[in-house]
Amino acid sequence: MKNTMKWTSLLGLVLTLMVFTACGGGEQIQTTDTVRTINIIGADEMKFVVAEAAEGITTGDQYGANFKLETILAAPGEELRVNLSTNSALPAIAMSHNFVLLTADADVDAFANASISARDNGYLAPDMMDWVIVHTAMLGGGESDSITFTAPLEPGEYTFICSFPGHYAGGMVGKLIVQ
Ligand SMILES: [Cu+2]
């Protein structure tokens, strides 16, 4: 009997926590609605794609139902959110994506090449992290990550890439244009 009561209390606690968590999540979505959000999909074709054109981005070739994300336009110091989702049925070791925004002075080729052998650091060249403004986690199929950051104050072109081996070379690259 005592045990049953313990379990009942525990179950009650768990349910309460679940309700709190659910409410917390809802509030968070409401309070962050003002941040401009760009929903990006990492596609098997080694491209950053978006489901539809939107103000403040430019798109290119069509991939299935989606369009290649070419550029993100931002005002200096604008707050932005990038939601990245990997859409793939392949195992994570074969097909994963991240979104890595690099500084204007970064040597993008050098960073991408050095990152190939940086598997232990999420394929981010550990000695070139000064060039990384912000990045998502490396995401396998079905995973997603959200980052919120401030666009650089200095107008210019900032390259973003996926640093998974071969993906930058395969065209998984775009530009954040601050103007
Ligand atoms: Cu990728």
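About the thresholds
- Residues numbered from 1 in each chain as written.
- Predicted model: local features only at pLDDT ≥ 70, side-chain atom pairs only at ≥ 80, totals over all residues.
- Heavy atoms only, no water.
- Core = buried A, V, L, I, M, F, W, Y, C linked by side-chain atoms within 4.5 Å.
- Buried < 20%, exposed > 50% of the residue type's maximum accessible area, 1.4 Å probe, protein only.
- Helix = DSSP H or I, 4+ residues; strand = E, 2+ residues; numbered from the N terminus.
- Contact = heavy atoms within 4.5 Å.
- Donors = N, O, S within 2.8 Å, 3.2 Å for Na, K, Ca; no water.
- Tetrahedral: all angles 85-135°; square planar, octahedral: opposite > 155°, others 65-115°.
- 1 Å grid on protein atoms, 1.4 Å probe; cavity = no way out; pocket = protein on both sides within 12 Å on 5 of 7 lines; lining within 4 Å.
- Points joined across faces, edges and corners; volume = space filled by probe spheres on them.
- Nonpolar A, V, L, I, M, F, W, Y, C, P; charged D, E, K, R; others polar.
- Pairing = 2+ DSSP bridges.
- Arc of directions from axis to C-beta.
- Polar contact = N/O pair within 3.5 Å; in protein donor to acceptor, adjacent residues only side chain to side chain.
- pLDDT = per-residue confidence, 0-100.

Membership of the largest hydrophobic core comes to 26 residues, with the highest contact counts inside it found for Ile40, Phe48, Leu69, Ile72, Phe99, Leu101 and Leu176. Of all the secondary structure elements, the ones that give two or more residues to this core are strand S1 (36-43), strand S2 (47-50), strand S4 (66-74), strand S5 (79-86), strand S8 (144-150), strand S9 (156-161) and strand S10 (173-178). The contact partners of Leu176, leaving out residues within four places of it in the chain, are Ile72, Ala74, Leu80, Leu101, Pro152, Gly156, Glu157, Tyr158 and Phe160. Grouped together as the second largest cluster of nonpolar side chains are 11 residues, Val108, Leu124, Ala125 and Met128 included.

It is worth spelling out the coordination of the copper ion at this point. Geometry sets the ideal angles at a metal, namely 109.5 degrees for four tetrahedral donors and 90 or 180 degrees for six octahedral donors. Coordination of the copper ion by the protein comes from His97 (ND1), Cys162 (SG), His167 (ND1) and Met172 (SD), over a distance range of 2.0 to 2.7 Å. Every donor counted, the four donor atoms about the copper ion form angles of 82 to 134° at the centre, which fits irregular coordination. Of note, the donors binding the copper ion are all from one chain and are spaced H-x64-C-x4-H-x4-M. Neither Cys162 nor His167 differs from the other in exposure class; each is buried.

On to the layout of surface pockets, then. Counted as a void, the largest pocket has a volume near 190 Å³. Lining the largest pocket are Arg36, Thr37, Ile38, Asn39, Ile41, Val50, Ala51, Glu52, Ala54, Glu55 and Ile57. Ranked by residues supplied to the lining of the largest pocket, first place goes to S1 with five residues. Broken down by class, the residue content of the lining of the largest pocket amounts to six nonpolar, two polar and three charged.

This next bit is on the pairing of S4. Two strands pair when backbone bridges link them, and S2 and S4 are joined in this way by two bridges, in the antiparallel orientation. Bridge assignment links Val50 to a residue of S4, and that residue is Phe67. Strand direction decides the pairing type here: strand S3 (residues 57-63) and S4, joined by five bridges, are antiparallel. Note on S4: the bridge partner recorded for Ile57 is Ile72. Hairpin connection between S3 and S4: a loop of two residues separates the two successive antiparallel strands, and Gly64 in this loop has a positive phi of roughly 60°.

Further remarks concern helix H2 (residues 108-115). Regarding H2, the residues found buried are Val108, Phe111, Ala112 and Ser115. Buried positions in H2, seen along its axis, are confined to an arc of 95° and lie on one side of it. Elements that come into contact with the buried residues of H2 comprise strand S6 (100-102), strand S7 (132-135) and S9. Sitting at the head of H2, Asp107 places a side-chain oxygen 3.4 Å from the backbone nitrogen of Asp109.

Mapped onto the fold, His97 is located in the loop between S5 and S6. Within the local environment of His97, its side chain forms a polar contact with the backbone oxygen of Ala43, the two atoms lying 3.2 Å apart. Excluding its chain neighbours within four sequence positions, the residues that come into contact with His97 are Gly42, Ala43, Asp44, Leu84, Thr86, Ala137, Met138, Leu139, Cys162, His167 and Met172.

Moving on, we get to the environment of Pro76. Note on placement: Pro76 falls in the loop between S4 and S5. By relative accessible area, Pro76 is classed as partly exposed at 39%. The spatial distance from the C-alpha of Pro76 to the C-alpha of Ile177 is 9.4 Å, given a sequence separation of 101 residues. Leave out the neighbours within four places in its chain, and Pro76 touches Ala151, Pro152, Leu153, Val178 and Gln179.

Here the phi dihedral of Met46 falls at roughly 60°; this positive angle occurs in a residue that is not glycine. With respect to the helices and strands, the residue Met46 is situated in the loop between S1 and S2. The exposure class of Met46 is partly exposed, given its relative accessible area of 27%.

Time to look at the confidence of the model for the protein. Averaged over every residue, the pLDDT of the protein is 88; the share at 70 or more is 82%. Across residues 7-30 the pLDDT falls below 50, and counting only partners more than four positions away or on other chains, this stretch makes zero contacts in the model.

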